[in-house]
Amino acid sequence: MTQFSYASLAPDFLSGKTSPSEFLETCLARIAANENVVRAFVTLDIESARRQAQDSTARWQAGQPLSAVDGMPVGVKDIIETVDMPTGQGSPLWENFESGRDSATVQALRDAGAIILGKTTTTEFASSPTFAETTNPHDPKRTPGGSSSGSTAAVGAGFVPLALGSQVVGSTLRPSSYCGCVGFKPSTGGINRSGSYDHLSHSCVGVIGTSLEDVWLSAKAIVTRVGGDPGYRGLTGPANLPGAQTPKRLIVLQTDGWKRITSGAHSAFEKVTEGLKEFGIELVDRHVDAEVDAFERMIEDVRSLSNIILSWENRWPTAGYLRKDAGKVHPITVARFNEAKTLTQSDYIAALEQRQALRDAFTIMIAKADSAITLAATGAAPQGLVSTGDPGFNIPASIIGAPALSLPLLSDEGMPLGLQVIGQRNEDAALFGLATWITEWSGAYGR
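Below is a summary of the structure that appears in this document. Just so it is clear, the structure is predicted and the values come from calculations on it, not from any experiment. (Residues numbered from 1 in each chain as written. Predicted model: local features only at pLDDT ≥ 70, side-chain atom pairs only at ≥ 80, totals over all residues. Heavy atoms only, no water.)

1. Notes on the sheet that holds strand β4 (residues 162-167)
Then, number 1: If you walk across this open sheet you meet the 11 strands as β1-β3-β2-β4-β6-β5-β10-β11-β9-β7-β8, and the pairing is mixed. The sheet is open, and its two edges are formed by β1 (41-44) and β8 (282-284), each paired on a single side. Recorded for the sheet is a direction-independent mean angle of 30° between the axes of neighbouring strands.
Then, number 2: Sheet topology note: the β1/strand β3 (residues 115-120) ladder contains three bridges and is antiparallel. Within β3, the position partnered with Phe41 by the bridge is Thr120.
Then, number 3: Running at roughly 110° to strand β10 (residues 404-412), helix α8 (residues 263-279) makes contact with β7 (249-252), β8, β9 (371-375), β10 and β11 (415-422) of the sheet. (Pairing = 2+ DSSP bridges. Helix = DSSP H or I, 4+ residues; strand = E, 2+ residues; numbered from the N terminus. Axes fitted to C-alpha atoms, helices over the stretch in contact; angles between N-to-C directions. Contact = heavy atoms within 4.5 Å.)

2. A short note on empty space enclosed by the protein
Then, number 1: In total, this model carries one cavity of 30 Å³ or more according to the counting rule given.
Then, number 2: As a volume, the largest cavity reaches approximately 100 Å³.
Then, number 3: In this structure, the largest cavity is lined by 13 residues; those nearest its centre are Thr123, Thr130, Ala132, Thr134 and Ser149.
Then, number 4: Residues that form the lining of the largest cavity fall into these classes: four nonpolar, nine polar and no charged. (1 Å grid on protein atoms, 1.4 Å probe; cavity = no way out; pocket = protein on both sides within 12 Å on 5 of 7 lines; lining within 4 Å. Points joined across faces, edges and corners; volume = space filled by probe spheres on them. Nonpolar A, V, L, I, M, F, W, Y, C, P; charged D, E, K, R; others polar.)

3. A look at the state of the cysteines
The term disulfide refers to a covalent linkage connecting the sulfur atoms of a pair of cysteines.
Then, number 1: Applying the stated criterion across every chain, the model contains zero disulfides.
Then, number 2: You can see Cys179 has no disulfide; the closest cysteine sulfur is in Cys181, sitting 5.4 Å from it.
Then, number 3: Its sulfur unpaired, Cys204 is 16 Å from the next cysteine sulfur, which belongs to Cys181.
Then, number 4: Residue classification places Cys204 among the buried residues on the basis of a relative accessible area of 3%. (Disulfide = S-S within 2.5 Å. Buried < 20%, exposed > 50% of the residue type's maximum accessible area, 1.4 Å probe, protein only.)

4. A short note on the packing of helix α11 (residues 315-325) against helix α12 (residues 331-340)
Then, number 1: Following both chains from N to C, one finds α11 and α12 inclined at 120°, their axes separated by 10 Å at the closest point. The angle between α11 and α12 places the two elements in the oblique class. For the pair α11 and α12, the sense of crossing is left-handed. The segment α11 lies against α12, with Arg315, Thr318, Ala319 and Leu322 engaging Thr333, Val334, Phe337 and Ala340.
Then, number 2: Taken together, the residues of the contact of α11 with α12 sort by class into five nonpolar, two polar and one charged. (Parallel < 35°, antiparallel > 145°, perpendicular 65-115°, else oblique. Left-handed = near helix turned anticlockwise from the far one by under 90°.)

5. Digging into α8
Then, number 1: Counted at 1.5 Å a residue, the expected span for α8 with its 17 residues is 24 Å, and the 24 Å between its end C-alpha atoms agrees.
Then, number 2: Taken together, the buried positions of α8 are occupied by Ala265, Ala268, Phe269, Val272, Thr273, Gly275 and Leu276. Looking straight down α8, one finds that the buried residues subtend no more than 160° of arc, so they occupy a single side. Set apart from the buried face of α8 by more than 90 degrees, the exposed residues are Ser263 and Glu278.
Then, number 3: Within two residues after α8, Gly280 carries a phi angle of roughly 105°, on the positive side. (Expected span 1.5 Å × (residues − 1). Arc of directions from axis to C-beta.)

6. Digging into the pairing of strand β6 (residues 204-209)
Then, number 1: Along β6, six of the six residues are buried, which leaves the element largely enclosed by surrounding structure.
Then, number 2: In terms of strand pairing, β4 meets β6 through six bridges, oriented antiparallel. What sits directly across from Gly165, in β6, is Gly206.
Then, number 3: Strand direction decides the pairing type here: strand β5 (residues 182-185) and β6, joined by three bridges, are antiparallel. From the neighbouring strand, Gly183 faces β6, where its bridge partner is Ile208.

Right under this line is the structure:
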């Protein structure tokens with residue numbers, strides 16, 4: 001699917017050459033043609049969307065849009081509350097549940113004039129058990145990834161230019177890689193996740209789009225209206241997409257995912273790193289820098305560390321779900337809960353201390369470079385719809401709380417593959433500036 005940027009159409013909206021209503025109809029035509037295969041949505045509100053698009057069209061023609069994303073059709077992951085649609089959390093337990101309110105992100109987007117077109121599929125409780133049969137828009141025999149399955153599939157299919165997801169392990173970056181989207185995982189606390197059922201301590205809102213500009217403008221539209229998580233400073237930076245910033249020094253991280261990388265992904269990543277070196281960018285990895293090697297050793301078993309933290313934190317609400325109706329809870333979730341019951345508070349405290357040590361080490365290391373780069377997935381989206389894929393490349397940024405982007409610049413097996421860039425905590429704008437440069441460089445040099 002050819003990528004299409006909503007923000008780039010602002011001059012045409014103002015001149016009347018086209019309109020948000022026409023843009024919406026293009027999206028709806030794609031949905032009508034392909035949703036029966038992709039199955040990205042659990043709910044659509046087309047008539048309301050058309051009314052809102054007409055209102056947005058009038059504002060643009062009057063030269064008074066509410067924001068740069070006024071009229072933008074948006075998909076919302078079905079763990080995020082919407083006042084006018086159910087929030088099912090990918091579980092039979094919560095089917096047709098309505099909270100009667102909008103989440104902070106949805107409220108902010110509505111205030112900015114964006115159109116909430118529908119709710120997108122998710123795995124059970126935004127974890128790994130699959131509930132919906134969402135397919136990859138580039139190959140219906142492959143997974144779209146998860147847990148933000150429907151959001152990335154909808155963007156990858158061209159149904160919407162933007163969708164909201166979430167990430168606690170790899171739920172935004174990995175499916176964005178598989179579906180060929182720009183996936184943004186902000187710094188921890190960077191975007192207000194109130195009203196989203198992802199209470200875990202390194203969870204965050206994910207913003208998924210067809211372009212860096214749409215993603216940045218949407219994230220800014222949210223934080224300027226509702227801020228970051230309570231107690232956090234929230235995403236900062238310019239109103240418009242940060243300009244391209246040429247890096248001088250990049251850290252190449254392998255992470256746990258490198259052990260399972262496909263040959264095609266390895267070749268694609270190597271081509272990028274060689275090209276960056278030819279351009280004059282200094283690249284350092286564990287083989288030439290002792291500090292990077294020490295950090296790589298620290299994250300060798302980061303998956304186990306993440307599992308301890310998440311398992312302990314998920315004792316609530318899982319125990320309540322099992323009491324309510326254990327037959328409607330996936331066996332994988334039940335097994336994880338039984339493992340969690342063996343953990344103690346001391347285990348959790350020790351894990352938090354280890355996580356803080358990782359964060360401190362990363363802060364020191366990344367301060368000596370412009371960014372870290374790695375892959376966003378071990379390869380192309382796997383065949384089948386049972387597994388959502390390997391999160392090995394995604395856990396580090398999540399547990400560290402650093403901002404990360406998956407850029408749809410690579411390919412493997414003829415499928416999309418994301419290049420992941422990871423920045424310093426609370427320096428999300430700088431990461432976008434670097435990502436803008438990498439995207440422009442990649443296009444210019446055919447990488």
